[in-house]
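So the chains spell out like this:
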Amino acid sequence: MGRLLALELLTAAFLLAAVADAELRYGYYDSLGCAGVEDRVRTLVRRSFLTDATSSAAMLRLAFHDCQVGPGGCDGSIMMEGDGGEMDAGSNFGVKRLDIINSVKSDMEDMCPLTVSCADIIAMAGRDAVAYNGGPEIQIPLGRKDADFSSATEAEAKLPPATSNVDRVLNVFAPFGMSIAESVAILGAHTLGVGHCKNIQDRLQLNSPTAPNSVVYRTQLRAACAVNVFDIAILNNDASQFTFDNQYFQDIQNGRGLFTVDDQLSTDPRTAPIVTLYASNQGAFFSAFQSAYVKLTSRAMTGNQGSVRSTCTL
Ligand code: HEM
């Protein structure tokens, strides 16, 4: 009887250890004897941000697109090259500067071989993009593992199109455990970066049901997109595309949302009061964005699931 109890206790302790090991953890790489990973990643990505002002917004969008698709959520699957991979999906149009992640990864392999996952590097780069542009300093737990599979078909099915409405977007964020206030805050990521004219074609027609709420803004967008050779014309997501601030919420309150969902957030009864709060209180936006970003990047494979790939593209 005594031996049976001891065995049961041992098994329970074993299971507990496995569960603890299988969770994302703050200070994860320090605990593996690889100190300084987060500082080194921050230094390297900031160096890229300094040489290409558009790259920080690209890293933040990359983090969302990695976490939204793939067998393990945030699993580096967007980085895998090859026919039919996620980057072949039309919804990943405009996703760029994956080379930044590859170059950080190669540095990490010198520092701590086969230890730092591509998935963690992406989540850190998105986080560092926010702080670099004046947004909150977010602490995220680490220990994500990489997938060995990447599918354009899955990306097409799971990434919300530019034409998404509020219902679709809330359905995207609910599985991450986000409240409506956090879902509105995470869309505040559109305080950075740009969109392409091809993604707002439906909003430019005079009688379009999804036309921008501001007539002046629609006229400006039509003019800006009148010459759009090779899909290269771009438009600011908000009036201060290089600053992480609450300008986005002030813009959408004024009917100047670039995408359909941006405009709808300010009129839908579920989200309008939250937009009003964030437009007048940047601290409230930052605080909700921090918890939303932790949730966005916490759907991951850990412990014995997945692996740490030596090269993000393979
Ligand atoms: C769920 C609803 C969302 C929709 C429908 C949406 C849609 C889009 C579209 C259509 C673009 C422009 C792409 C282009 O034309 O180049 C864009 C850009 C961007 N998105 Fe989103 N997005 C969503 C959520 C998010 C989230 C959750 C984040 C980050 C946490 C994010 C971050 C960004 C950033 C930073 C850009 C600018 C990228 C750049 O300038 O390179 N988006 N988004």
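About the criteria used
- Residues numbered from 1 in each chain as written.
- Predicted model: local features only at pLDDT ≥ 70, side-chain atom pairs only at ≥ 80, totals over all residues.
- Heavy atoms only, no water.
- Near = heavy atom within 4 Å.
- Polar contact = N/O pair within 3.5 Å; in protein donor to acceptor, adjacent residues only side chain to side chain.
- Helix = DSSP H or I, 4+ residues; strand = E, 2+ residues; numbered from the N terminus.
- Nonpolar A, V, L, I, M, F, W, Y, C, P; charged D, E, K, R; others polar.
- Domains from an automatic or database assignment.
- Core = buried A, V, L, I, M, F, W, Y, C linked by side-chain atoms within 4.5 Å.
- Buried < 20%, exposed > 50% of the residue type's maximum accessible area, 1.4 Å probe, protein only.
- Contact = heavy atoms within 4.5 Å.
- UniProt positions renumbered as here; feature names shortened; annotations may be inferred.

Caption draft 1: Representation of the site of the ligand. Around the ligand sit 25 residues, and of these His 190, Gly 193, Val 194, His 196 and Asn 199 come closest. Interatomic distance of 2.6 Å between a side-chain N/O atom of His 196 and an oxygen atom of the ligand. Within the contact set of the ligand, an oxygen atom lies 2.7 Å away from a side-chain nitrogen or oxygen of Asn 199. Mapped by element, the contributors of at least two residues to the shell around the ligand are helix 4 (55-68), helix 8 (166-173), helix 9 (180-187) and strand 1 (194-196). For the shell around the ligand, the per-class residue count stands at 16 nonpolar, eight polar and one charged. For the shell around the ligand, the two domains that each supply at least three residues are domain 1 (2-159) and domain 2 (166-295).

Caption draft 2: A look at the nonpolar core. Formed by 70 residues in total, the largest nonpolar core has its most connected members in Met 59, Ile 101, Phe 173, Phe 249, Tyr 278, Phe 289 and Tyr 293. Composition of this core by domain shows at least three residues from each of domain 1 (2-159) and domain 2 (166-295). The contacts of Met 59, once residues within four sequence positions are left out, are Phe 49, Lys 96, Arg 97, Ile 100, Ile 101, Ala 125, Gly 126 and Ala 129. One finds Cys 197, Ile 200, Leu 204 and Ala 233 within the second-largest nonpolar core, a separate group that totals ten residues.

Caption draft 3: Representation of the UniProt feature "site: Transition state stabilizer" (unreviewed entry) in the protein in the model. Sequence positions flagged by UniProt for "site: Transition state stabilizer" (unreviewed entry) are, in local numbering, Arg 61. In this structure, Arg 61 sits in helix 4. Setting aside anything within four residues of it in sequence, one finds Arg 61 in contact with Ser 91, Phe 93, Gly 94 and Val 95.

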